[in-house]
Amino acid sequence: MGLKGFVEGGIASIVAGCSTHPLDLIKVRMQLQGESVVPNQAIQNLRPAIAFNSASATIAGAQPAVHIPPPPRVGPVSVGIKIVQAEGVAALYSGVSATVLRQTLYSTTRMGLYDVLKQKWSDPDSGNMPLVRKIAAGLIAGGIGAAVGNPADVAMVRMQADGRLPMSERRNYNGVIDAITRMSKQEGVTSLWRGSSLTVNRAMIVTASQLASYDQIKETILEKGVMKDGLGTHVTASFAAGFVASVASNPVDVIKTRVMNMKVEPGTAPPYSGALDCAMKTVRAEGPMALYKGFIPTISRQGPFTVVLFVTLEQVRKILKDF
């Protein structure tokens with residue numbers, strides 16, 4: 001029974017992940033909007049042709065700073081169109097190999113563990129599990145799944161974000177295996193777990209809110225007799241669960257994306273020293289609502305992802321019920 005839960009959850013997760021990958025890519029690009037980019041040395045050394053040297057500047061030997069305005073913020077549709085125009089349609093599936101690996105490791109683990117805990121903690125008579133236990137099961141399953149799948153998550157974020165970098169700075173990974181191999185060689189094995197605390201926290205929040213709310217809403221619909229156990233119930237419960245998960249996880253997701261995507265050059269300090277530093281710098285530079293940057297593509301992706309995930313899961317369960 002336990003192993004079947006892993007198989008069912010893995011199949012459903014891979015189908016859902018591949019189906020909604022372009023939306024996830026757009027979400028990542030939007031979350032990186034407004035992030036400060038350190039100009040290269042050539043730009044830093046530029047001086048205006050005519051300048052008035054102040055006494056303080058002369059004494060201190062300071063150079064006038066060159067202000068580089070941030071790029072204008074645009075919506076998900078505009079981001080998608082620009083990606084297609086600049087990089088081609090295939091760019092919408094950049095990092096899809098990492099998505100498949102991530103779903104195989106992370107989602108298979110979390111879905112399987114949640115199913116195991118659900119079987120153990122459910123009431124033997126009614127077959128239902130109290131909401132508190134559902135949340136606890138989601139927190140445990142999500143945390144363990146995220147720790148297992150973090151290398152693929154880092155690779156996926158970098159491959160999705162690569163197209164926004166200048167040509168000379170792009171990593172140009174050939175696939176998820178190449179990404180993981182090069183990160184290990186160039187930045188050390190520990191780079192594969194960069195942002196792992198954020199990944200674990202986000203996964204715990206997402207899994208607890210997504211799986212627990214789906215089961216709870218589905219049970220309520222069936223108990224109240226609003227709908228029968230069928231496609232309508234599955235779609236309604238899963239979309240509501242996707243909205244709950246999006247609201248709960250978006251701030252952590254923004255910070256996770258920025259920490260994982262930061263480029264660390266040898267001999268230089270990283271842009272962020274950790275999750276808290278990243279959160280503080282983001283809020284200070286862009287305001288608190290920056291933590292909900294990319295929320296529209298997040299809900300646009302999380303909604304369909306959750307619907308496809310649970311609808312596929314229910315169908316796979318029907319197919320494998322005799323095994």
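Above this text you will find the structure in question.
Residues numbered from 1 in each chain as written. Predicted model: local features only at pLDDT ≥ 70, side-chain atom pairs only at ≥ 80, totals over all residues. Heavy atoms only, no water.

Asks: An account of the overall build of the protein is requested, with residue identities and associated values reported.
Replies: The helix and strand inventory of the protein stands at twelve helices and zero strands. Burial statistics for the protein: of 323 residues in total, 45% are counted as buried. Across the protein, every contact between residues at least 6 apart in sequence was considered, and the portion connecting residues at least 24 apart equals 79%. When the accessible surface of the protein is summed, it comes to about 16100 Å², and 66% of that surface belongs to carbon and sulfur atoms. (Helix = DSSP H or I, 4+ residues; strand = E, 2+ residues; numbered from the N terminus. Buried < 20%, exposed > 50% of the residue type's maximum accessible area, 1.4 Å probe, protein only. Contact = heavy atoms within 4.5 Å. Areas by Shrake-Rupley, 256 points an atom, 1.4 Å probe, with all protein chains shown as cover.)

Asks: Run through the side chain of S191, naming residues and quoting values.
Replies: Locating S191 in the fold gives a position in the loop between α8 (176-187) and α9 (196-224). In this structure the side chain of S191 is engaged in a polar contact, spanning 3.3 Å, whose partner is the backbone oxygen of M183. In contact with S191, not counting residues within four places along its chain, are V154, M183 and S184. (Polar contact = N/O pair within 3.5 Å; in protein donor to acceptor, adjacent residues only side chain to side chain.)

Asks: Can you tell me about the nonpolar core, naming the residues and giving the values?
Replies: Counting 16 residues, the largest nonpolar core has Y114, L309 and F310 as its most contacted members. In terms of residues, this core owes the most to one element, helix α12 (residues 295-320), which gives four residues. If sequence neighbours within four positions are ignored, L309 has contacts with A12, S13, A16, R110, M111 and Q210. Residues M159, V176, A179 and I180 belong to the second largest nonpolar core, which totals 13 residues. (Core = buried A, V, L, I, M, F, W, Y, C linked by side-chain atoms within 4.5 Å.)

Asks: Give me the lowdown on α8, citing residues and values where you can.
Replies: Between its terminal C-alpha atoms α8 stretches 16 Å, which fits the 16 Å expected from twelve residues at 1.5 Å a residue. For α8, the set of buried residues is V176, A179, I180 and M183. Down the axis of α8, the buried set is contained in an arc of 95°. They therefore lie on one face. The exposed set on the far side of α8, more than 90 degrees from its buried face, consists of I177, K185 and Q186. On its buried side, α8 packs onto α6 (96-121) and α7 (131-161). One or two residues past the end of α8 sits G188, with phi positive at roughly 95°. (Expected span 1.5 Å × (residues − 1). Arc of directions from axis to C-beta.)

Asks: So what about the packing of α7 against α9? Which residues, and what values?
Replies: Following both chains from N to C, one finds α7 and α9 inclined at 140°, their axes separated by 6 Å at the closest point. Between α7 and α9, the crossing angle belongs to the class labelled oblique. Our pair here, α7 against α9, has a crossing hand that is right-handed. Along its contact with α7, which presents L131, K134, I135, G138, L139, A141, G142, G143, A146, A147, N150 and D153, the element α9 presents S196, T199, V200, A203, M204, T207, A208, A212, D215, Q216 and E219. Looking at side-chain class alone, the contact of α7 with α9 contains eleven nonpolar, eight polar and four charged residues. (Axes fitted to C-alpha atoms, helices over the stretch in contact; angles between N-to-C directions. Parallel < 35°, antiparallel > 145°, perpendicular 65-115°, else oblique. Left-handed = near helix turned anticlockwise from the far one by under 90°. Nonpolar A, V, L, I, M, F, W, Y, C, P; charged D, E, K, R; others polar.)

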